[in-house]
Every structure is written in C-alpha cells, then in structure tokens.
Amino acid sequence: MRIKLTLLALGIVLYACKSESKSTRGVIAEHAMVVSARQEASKIGRDILEQGGNAFDAMFATEMALAVTYPYAGNLGGGGFMVYRLHTGETGALDYREKAPMAAGRDMYLDSLGNVIPHKSTVGAYAVGVPGTVAGIFAAHEKFGTLPIKTLLQPVIALAQNGFIITKKQQDRFIKYDSIITAVNKKQVPINKTVQASTVFKNEALANTLQRLSDHGRD
C-alpha cells in the first residue's frame, strides 16, 4: 500500500512538472524583443531594431511613443533613469529624473508668516520639476545611438498625428484629473473628461513638439 501511494505521489509530481513545462509565460524571442506598457510603443521599438538600430535606438523610440500613448507614466514633462549592460560587459547608469529649478528655495511654498500656501506645491507651475526625459534620452543616443534622430522620431510623430485607442483606465484618469488640468491651463485642452474609451485620440500639439525635437534637437 505504501509503495502504491509513493508511486501515486510521484506520478502527480511528474504530471505537474510536465504540465508546467508545457505552459509558456510571456514571449520568447530568438534575437531581440521590446516590452512596454503599450503595444503601439513596443511595435515602434521593434521596427527600429528591424531597421538596424540597436537597443538604445529602440529605447529612444519606445520612450517617445509612450509619451504619446501612455502620458500618465511616460511623458516629455517628466524624467527617468536607465541602467544598461553592453555586449562587452560594461555597465552603467543614467539619471535624468526631474530636478528643482535653480530659483527654488526652502520657503517657496510658505507665506510671509511661514504658513504653507494651499495647493502651491501640488497644482500649477510650482508643483513640477525641470523635466529630464528629453535631455536623458538624447544623452543616451549621443553616446550609444546609431540611427538618426529623425528616423527614430518619424513613426512617433505619425502615431501622435494618426492617433491611438484610449483605454478605460485612461478615460478614468482623464475624468479624475480634468478639473486640475483645466484649472492650470485656464481652458479645456485635448486631454479632458469628454475623451471616451475605445475612441481614437490624436494629439497634434504633441506631434508638433516632437517635430521640433526632430528638426532642432533637444534644446
């Protein structure tokens, strides 16, 4: 009886291992792959690799595509950081997170009596840092990139012009932050609570900014 139970247990373990080996998690690529929060951005990064670009070229294009399709997390007004390992084994990092402006000071959110001014640190121009995204990816490209900036930005500009599908989460965020966005801009801007999920969203203003980056560089 003990032998049968042992064999039965062994059979269950072997079956579990066999079943697990058949299942796949994610995608396995033979040469290279691009993973991001939006399919459109990943496709642009993959296309750059297929055009002969390297990983840094693909990163540049993917980052900018996320600025179009996923502005809640990736955008021109924010920043980031990068860690890398080259095929030679060399490792490094690049920090391009936002910084406080040079004129910032300890008491910038206080009134003359030393009291906190409501919302000054959370809404409007005083609530944001100096963006680092553009400077960071241009610096990485200058050091490691191979394809021209215009080549990397062309599909991103087209994406902003032609549009992408808004998700339900994006619609919810647009609704949640609509009052703040409108108050800061003193008018309704393209990102607002009327934008519906499953519709195509085009951002011509962002496309124009990306075109200026393509034509004139980061400055």
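Anyway, here's the lowdown on the structure attached to this text. (Residues numbered from 1 in each chain as written. Predicted model: local features only at pLDDT ≥ 70, side-chain atom pairs only at ≥ 80, totals over all residues. Heavy atoms only, no water.)

## Some details on the overall build of the protein
Using the following cut-off: Secondary structure elements follow DSSP: runs of H or I no shorter than four residues count as helices, runs of E no shorter than two count as strands, and numbering proceeds from the N terminus. Only protein chains enter the accessibility calculation, which uses a 1.4 Å probe; a residue whose area is less than 20% of its type maximum is buried, one above 50% is exposed, and one in between is partly exposed. With residues, only the protein chains shown are counted as cover, and all accessible areas are computed by Shrake-Rupley using a 1.4 Å probe.
Broken down by element type, the protein carries seven helices and four strands. Secondary structure elements of the protein occur, N-terminal to C-terminal, as α-α-α-β-β-α-α-β-α-β-α. When the 219 residues of the protein are sorted by exposure, 28% land in the buried category. Looking at the protein as shown, the accessible area adds up to about 14,900 Å², and 58% of this sits on carbon and sulfur atoms.

## Looking at the environment of Ala58
Filter applied, for reference: Residue contacts follow a heavy-atom distance rule, with two residues in contact if any of their heavy atoms lie within 4.5 Å.
Relative to the elements of secondary structure, Ala58 occurs in helix 3 (residues 55–69). Assessed through its relative accessible area of 4%, Ala58 is described here as buried. Taking the C-alpha atoms as reference, Ala58 lies 8.1 Å from Asp47; in sequence the two are eleven residues apart. In contact with Ala58, other than residues within four places in its own chain, are Val34, Gly45, Ile48 and Leu49.

## Description of the side chain of Asp57
Within the secondary structure, Asp57 is located in helix 3. Residue contacts for Asp57: discarding those within four places in its chain leaves Ile48, His141, Gly145, Thr146, Leu147 and Leu152.

## Focus: the pattern of salt bridges
Close approach of charged atoms allows side chains with opposite charge to pair. Counted only if it meets this: By definition, a salt bridge exists where a carboxyl oxygen of Asp or Glu is found within 4 Å of a side-chain nitrogen of Lys or Arg.
The tally for this structure, following the rule as stated, stands at nine salt bridges. A salt bridge links Asp215 to Lys150, with the shortest nitrogen-to-oxygen separation between them at 2.9 Å. Pair noted here: Asp215 is in helix 7 (residues 204–216) and Lys150 is in helix 5 (residues 149–162), with a separation of 65 residues, a long-range link. When its relative accessible area of 40% is taken as the criterion, Asp215 is described as partly exposed. Linked by salt bridges that have partners in common, Lys43, Arg46, Asp47 and Glu50 make up one network.

## Some remarks on the packing of aromatic side chains
Applicable threshold: Each Phe, Tyr or Trp ring, with Trp reduced to its six-membered ring, pairs with another whose centre is within 6.5 Å; inter-plane angles below 30 degrees give stacked pairs, above 60 give edge-to-face pairs, and intermediate values give tilted ones. Each ring is checked for a lysine NZ or an arginine CZ that lies within 6 Å of its centre and within 35 degrees of its normal; such an atom marks a charge sitting over the ring.
Applying the stated rule across the entire model yields seven aromatic pairs. Between Tyr84 and Phe144, the aromatic rings sit 4.9 Å apart at their centres with planes inclined by 65°, giving edge-to-face as the arrangement. Here Phe144 lies in helix 4 (residues 133–144) and Tyr84 lies in strand 1 (residues 80–85), a separation of 60 residues in the sequence. Given the relative accessible area of 14%, Tyr84 is considered buried. Put simply, the rings of Phe56, Tyr84 and Phe144 pair up and form one aromatic cluster. A cation sits over an aromatic face here: Lys120 above Tyr126, 4.5 Å from the ring centre. The ring of Tyr72 carries the charged tip of Arg173 above its face, separated from the ring centre by 3.8 Å.

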